[in-house]
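A structural walkthrough
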Amino acid sequence: EVQLVESGGGLVQPGGSLRLSCAASGFTFSTYWMSWVRQAPGKGLEWVANIKQDGSDKYYVDSVKGRFTMSRDNARNSLYLQMNSLRAEDTAVYYCVRLGHSNGRYFDLWGRGTLVTVSS
Amino acid sequence: QSALTQPASVSGSPGQSITISCTGTTSDLGSYNLVSWYQQHPGKAPKLMIYEDTERPSGVSNRFSGSKSGNTASLTISGLQAEDEADYYCCSYAGAGIWVFGGGTKLTVL
């Protein structure tokens, strides 16, 4: 079955760190751009970061630059998001998303998401 | 990296057609043929409905169609059905590896 399964969410204090993971299955993970998209409670979708197939290119939304680091392990079919210096406004469901087409032109496969709550 | 502009809500009766607009700028939506639309039911992950402005993925009903003119993209749903009630988000590439979503539109089927 083609799917993405996120893990690693939870409750963390402001200033703390958390590492999200995403396990991909059912497709050739190494041939796709991958992304993290988040959704704050009751709010809309916000693109967070993208990573190229070989990990050589990464892009981030301004609000997480310098705090979040996206990485991937193609041998393990896994995607990661290291989140440091977390803030209350980072509270959201984080979705692992595959980008369709070799050039990453749209978000065609979504995981179910993992909830990150930043609160004291 | 400003969000694209969508109406907060639209509504229609079963069988009718509705259109959701998505307005961007010449830096994002107006510069690339990379607008996509997503449907999200409560508590569920988003689902791709339209990509590359007008293309429909296999398995998506042909009642859903996309268009674009200048800095505004549109999603039209014809023959409204109860199961179409959901939140809809547009998204566009904004250059330099950046993507931007719209604020979302809640569709109510009356």
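Below: a short report on this structure. From a predicted model like this one, the values you see are computed outputs, not experimental measurements.

Quick notes on the rules
- Residues numbered from 1 in each chain as written.
- Chains lettered and ligands numbered in written order.
- Predicted model: local features only at pLDDT ≥ 70, side-chain atom pairs only at ≥ 80, totals over all residues.
- Heavy atoms only, no water.
- Salt bridge = Lys/Arg side-chain N within 4 Å of Asp/Glu carboxyl O.
- Buried < 20%, exposed > 50% of the residue type's maximum accessible area, 1.4 Å probe, protein only.
- Helix = DSSP H or I, 4+ residues; strand = E, 2+ residues; numbered from the N terminus.
- Pairing = 2+ DSSP bridges.
- Phe/Tyr/Trp six-rings, centres within 6.5 Å; stacked < 30°, edge-to-face > 60°.
- Disulfide = S-S within 2.5 Å.

Let us look at the pattern of salt bridges. Residues and elements named next belong to chain A. Inspection of every chain in the model, using the stated rule, returns 10 salt bridges over all chains. A salt bridge links D62 to K65; the nearest nitrogen and oxygen atoms lie 3.1 Å apart. Assessed through its relative accessible area of 48%, D62 is described here as partly exposed. Among the ionic pairs, R67 bridges to D90, the shortest N-O distance being 2.7 Å. On the criterion of sequence distance, the pair formed by R67 in the loop between β6 (58-60) and β7 (68-73) and D90 in the loop between β8 (78-83) and β9 (92-100) is long-range, its members being 23 residues apart. There is no split in this pair, since R67 and D90 are both buried. A network of salt bridges, in which partner residues are shared, links R38, E46, R67 and D90.

Here we take up the pairing of β9 of chain A. Residues and elements named next belong to chain A. Of all 9 residues in β9, 8 are buried, a share of seventy percent or more. Strand direction decides the pairing type here: β9 and strand β11 (residues 114-118), joined by 3 bridges, are antiparallel. Paired with A92 across the two strands is V116, which belongs to β11. Two strands pair when backbone bridges link them, and β9 and strand β10 (residues 106-110) are joined in this way by 4 bridges, in the antiparallel orientation. When the sheet's bridge partners are listed, G100 is paired in β10 with Y106.

A few words now on the packing of aromatic side chains. Inspection of the entire model under this criterion finds 13 aromatic pairs over all chains. Taking 5.6 Å as the distance between ring centres and 65 degrees as the angle between the ring planes, the aromatic pair formed by W110 of chain A and Y38 of chain B counts as edge-to-face. One end of the pair, W110 of chain A, is in strand β10; the other, Y38 of chain B, is in strand β3 (residues 36-40), on a second chain. Owing to a relative accessible area of 0%, Y38 of chain B belongs among the buried residues under this scheme. By way of ring pairs, the aromatic residues Y95, F107 and W110 of chain A together with Y32, Y38, Y93, W99 and F101 of chain B are connected into one cluster.

Scanning all chains against the criterion turns up 2 disulfides over all chains. Between the sulfur of C22 of chain A and that of C96 of chain A lies a disulfide, 2.0 Å long from S to S. One quick way to see it: the torsion about the S-S bond of C22 of chain A and C96 of chain A is about -75 degrees, and its sign makes the bridge left-handed. Highlighted residues: C22 of chain A in strand β3 (residues 18-25) and C96 of chain A in strand β9, separated in sequence by 74 residues. Between C22 of chain B and C90 of chain B runs a disulfide, and the two sulfur atoms are separated by 2.0 Å. Of note, the bridge from C22 of chain B to C90 of chain B carries an S-S torsion of about 75 degrees and is right-handed in sense. Placement of C22 of chain B in strand β2 (residues 18-23) and of C90 of chain B in strand β7 (residues 86-93) is noted, with a sequence separation of 68 residues between them. Relative accessible area serves as the criterion here: at 0%, C22 of chain B is assigned to the buried category.

Honestly, that's just the spatial picture; any functional story needs more than this.
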